[in-house]
Protein chains: 2
Amino acid sequence: MSGTSILVYAERVGGNLGEIEKLLAGPLADFDGIHVLPFFHPYDGDDAGFDPIDHTIVDPRLGDWSDFKRISQTHELTADLIVNHASYLSPEFKDWQEKGEQSEYDGMFLTFDVVFPNGGTEEGITSFYRPRPGMPFTAYEVGGKRRLVWTTFMPSQVDIDIKHDAGKAYLVRILEALKSGGVKVVRLDAVGYAVKTPGTDSFMTKETLDFVKEISELIHSYDMRVLVEVHAHYTQQLEIAPLVDLIYDFQTAPLLLHSLFTGTVDRLGDWFKIRPNNCLNVLDTHDGYGVIDGGPIGERPGLITQDEMANIFKVAEKNTDGHSAIASVIPQWFTLPHQINATLPNIVKNDTGYVIMRAVQFFLPGEPQVYYVGLFNGMDDRDLFARSGQGRDTNRHNYTPAEIQEALQQPVTQAIIALARVRKHGAFNGEFSWGIIDDQTMRLEWKNGNDVLSLEFKTTVDAPSFVIEATTDGGVRRFSSVEELAKY
Amino acid sequence: MSGTSILVYAERVGGNLGEIEKLLAGPLADFDGIHVLPFFHPYDGDDAGFDPIDHTIVDPRLGDWSDFKRISQTHELTADLIVNHASYLSPEFKDWQEKGEQSEYDGMFLTFDVVFPNGGTEEGITSFYRPRPGMPFTAYEVGGKRRLVWTTFMPSQVDIDIKHDAGKAYLVRILEALKSGGVKVVRLDAVGYAVKTPGTDSFMTKETLDFVKEISELIHSYDMRVLVEVHAHYTQQLEIAPLVDLIYDFQTAPLLLHSLFTGTVDRLGDWFKIRPNNCLNVLDTHDGYGVIDGGPIGERPGLITQDEMANIFKVAEKNTDGHSAIASVIPQWFTLPHQINATLPNIVKNDTGYVIMRAVQFFLPGEPQVYYVGLFNGMDDRDLFARSGQGRDTNRHNYTPAEIQEALQQPVTQAIIALARVRKHGAFNGEFSWGIIDDQTMRLEWKNGNDVLSLEFKTTVDAPSFVIEATTDGGVRRFSSVEELAKY
């Protein structure tokens, strides 16, 4: 059973990799792995690193591959493969712009005419499912001609044609760099959008699944594991789970909010019945806090209804004094945002409720990963958002070493670190079971011979409670408060 | 010989139509006509009135048609026909969005599939010449379906299909309202973009000229004159001039700046040789100060070169302490802005030079029209620009009655009003001639029997000079300074 991990930006946890290494060797030693968000060149582009100019090198301002090799000796290192696009400032794109068809990179970037060889129609163009308003393509001058380059995300993020040899060669160059740098888990970023198939919404289609299979084989050939990141309908998550080593469980997060905000556990139960076991267990991440992932998409009903999603956004708005409504974006063709742009502690605004969510995250099968802001029990960074105008910056605070020391004193943070210790309990090598005690209460249990570990939690609105019982040959220990759990 | 006119916003010259009427009956009585910029409902939309929700009524906050009927008894009234688009908030568009094909307005608005019945290609889409970055179409939900509506200008300005009956009926409704309101001259706003013809840049094509002919006949049937507004290559202006009553002379404006900034008159001479006589003589307008109109477009050489255009922008930047460079937009596919967003007095920064420009404007054949900010010798309104972020707002100051009284005391303003009196001199009913005296100096002359009126101006850089001589049976009067001219 692989262990627990933390999700960080290389430069926002103490300011550099050295500070992170100190934490991993010190107060966070109970965690087994680390996912460092895009640290390539540059780490601070338009989309905080997800628009690489050079995806094969470490941004010199952060360090170099030797730093990551050192980290990967003691911790399982996850890094991103930004498979959908590159920066329009990349040498490949600039070369193509300058030489057009004479460039060796001609064909590497996806264009309108490749997506619509027989001409685009309104229906074809507007059927694309994408998380941004406006058109999915942008005008660029290439080889002296006006071209329309596919840009699923921002105009500065030009899409790769993953079916073209030049596109495949680009991805291989990156995988070789990740492998040599000690990476053990490759995160396929936004892979749901990578395959454009006119006539469909081109999101998580059959062609996408084929591509995931194909690139997973390539990654396995480098002896690395594959983690797929797709914010999609839960049924689509179930489809992709068998094809990969790890898939994000983006469903538990909204369902836990639904439970705590309504005092019910039935929907968690619906999901646990069908939930794949090869999940990366996350709640908050560097993106917004996903809600759509539990809800209906198109005609497909969700684990929660449209109104129940609206209620989550409403309570979040109340708990964040209205700020989450300002910072969260409503995508084209939708009436609600997909994600809440706020920190999780701020959304929940109840220490016990928050720690219950973390406990569920650690008790479920799969591999728990804690985002650094949640780990430090961080509140919204409204200044950062005010300066950048990027809603997600609310949840991307730049922690100084001093701020980290202060955060580590908090019982909530200590309780989360304790959960990483709890996760090493022998029971986790046994069998998992769960049950609904009453409308409000649920029990999760691991049993391995005499080693038994249970979490019982009650989701009474604004007054949740929990009990963790750890039974070994030595007797039974009980933890039913944040402070008690912190001392596990 | 029709007379001189002023160009105003209904609400920015003293705050309402009543103040404008007082000026027309008082200090500005020497002007014969007035063009009131879009005063329809609403006058203060995204594009300052050029995105009407209801193009057939006067915005109630400004007055009603009876006010315009009263003004049109003493002054020739010009009003806009915004032929290319309407506001997405118009009742017609909302009805179409709600009912789709069942709406009586289905077909009134231009869509991607109508422009590209066989599918759009990169070449087809990117060949459109348009003054804005991004795509010329915007996604809207119509009748429950995702549609792409053509939006040449802003996404909130939805294009009319002028070939469809519903589009034609819309234009007729407006013309009838203008006619009944006392309008004598209809200004075809941005007509160069109104006809989309795939495979061309759809700007000022043969199809556009056919449409101008067609709609001019319709306007003439209402006994109104037609003024065409097209910012195009000078050769395209020459093509359209014979088809209409009045065409803007957008070429003299940049050529005069070129002359004053380089101390030469040869380019003015090149233009005067071929300049049509049925021009509306303008320098500044409510849009930016046009420079592209004198320059090269595509492969067609201009009256001035690319470098000479760049020099105009450079000197303007110096004279406006860098502000014009901030406020002026560089359109897609170009390296220089098309227009300078600054007031003309600020661009020239030399009273004598500025009054020389006005004198040339009044001495050329055609009908001189003075924009209210230039008339009041206004400087950049940088606060308005800072608040709105719209570059052209720099040149759209809201004048209070007190500010107007103050402006009317300035010799420059008095000199411009004097030129409106000069324009009534008997000589203007005779023959026009012009000549180049030396590299720097030009002479314009009107002769009608013994009535002779001449303007000789010298464009020495930073030290221009002029002499106006008015000869009648009663003798010769000479004016060679702003102050002297003011007392004409």
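You'll find the structure just up there.
Predicted model, so just to flag it, every value in this text is computed and none were measured.

Quick notes on the rules
Residues numbered from 1 in each chain as written. Chains lettered and ligands numbered in written order. Predicted model: local features only at pLDDT ≥ 70, side-chain atom pairs only at ≥ 80, totals over all residues. Heavy atoms only, no water. Pairing = 2+ DSSP bridges. Helix = DSSP H or I, 4+ residues; strand = E, 2+ residues; numbered from the N terminus. Axes fitted to C-alpha atoms, helices over the stretch in contact; angles between N-to-C directions. Contact = heavy atoms within 4.5 Å. Phe/Tyr/Trp six-rings, centres within 6.5 Å; stacked < 30°, edge-to-face > 60°. Buried < 20%, exposed > 50% of the residue type's maximum accessible area, 1.4 Å probe, protein only. Lys NZ or Arg CZ within 6 Å of the ring centre and 35° of its normal. Parallel < 35°, antiparallel > 145°, perpendicular 65-115°, else oblique. Left-handed = near helix turned anticlockwise from the far one by under 90°.

Colleague: Describe the sheet that holds strand β2 (residues 33-36) of chain A, and please don't skip the residues or the numbers.
Modeller: Residues and elements named next belong to chain A. The strand order β1-β2-β5-β10-β11-β12-β13-β16 describes a closed barrel built from eight strands, whose pairing is parallel. Recorded for the sheet is a direction-independent mean angle of 30 degrees between the axes of neighbouring strands. Two strands pair when backbone bridges link them, and strand β1 (residues 5-8) and β2 are joined in this way by four bridges, in the parallel orientation. The residue bridging I6 from the neighbouring strand is I34, located in β2. Along the sheet, helix α7 (residues 206-220) contacts β5 (76-82), β10 (185-189) and β11 (225-228); its crossing angle with β11, the most-contacted strand, is approximately 145 degrees.

Colleague: Give me the side chain of B:H75: which residues, what numbers.
Modeller: For B:H75, the location among the structural elements is in the loop between α2 (65-74) and β5 (76-82). Dropping the residues within four chain positions of it, B:H75 is found in contact with B:L24, B:F31, B:D32, B:G33 and B:I34.

Colleague: Just give me the short version of the packing of aromatic side chains, but keep the residues and values in it.
Modeller: Going through the model one piece at a time under the given rule, you end up with 65 aromatic pairs over all chains. For the pair B:F272 and B:W434, a centre-to-centre distance of 5.9 Å together with 80 degrees between the ring planes defines the contact as edge-to-face. One end of the pair, B:F272, is in helix α10 (residues 266-274); the other, B:W434, is in strand β17 (residues 431-438), and 162 residues separate them in sequence. Assessed through its relative accessible area of 7%, B:F272 is described here as buried. The rings of A:F112, A:F116, A:F128, A:F137, A:W150, B:F112, B:F116, B:F128, B:F137 and B:W150 are connected pair by pair, giving a single aromatic cluster. In this structure, B:R477 is placed above the aromatic ring of B:Y488, and the distance from its NZ or CZ to the ring centre is 4.7 Å.

Colleague: Run through the packing of helix α14 (residues 351-363) of chain B against helix α18 (residues 411-422) of chain B, naming residues and quoting values.
Modeller: Residue and element names in this part refer to chain B. At their nearest, the axes of α14 and α18 sit 10 Å apart, and the two run at 15 degrees to each other. Classified by the angle their axes make, α14 and α18 are roughly parallel. Considering how the two elements wind past one another, α14 and α18 form a crossing that is right-handed. Counting all contacts with α14, which are made through D351, Y354, V355, R358, A359, F362 and F363, the residues of α18 involved are V412, A415, I416, L419, A420 and V422.

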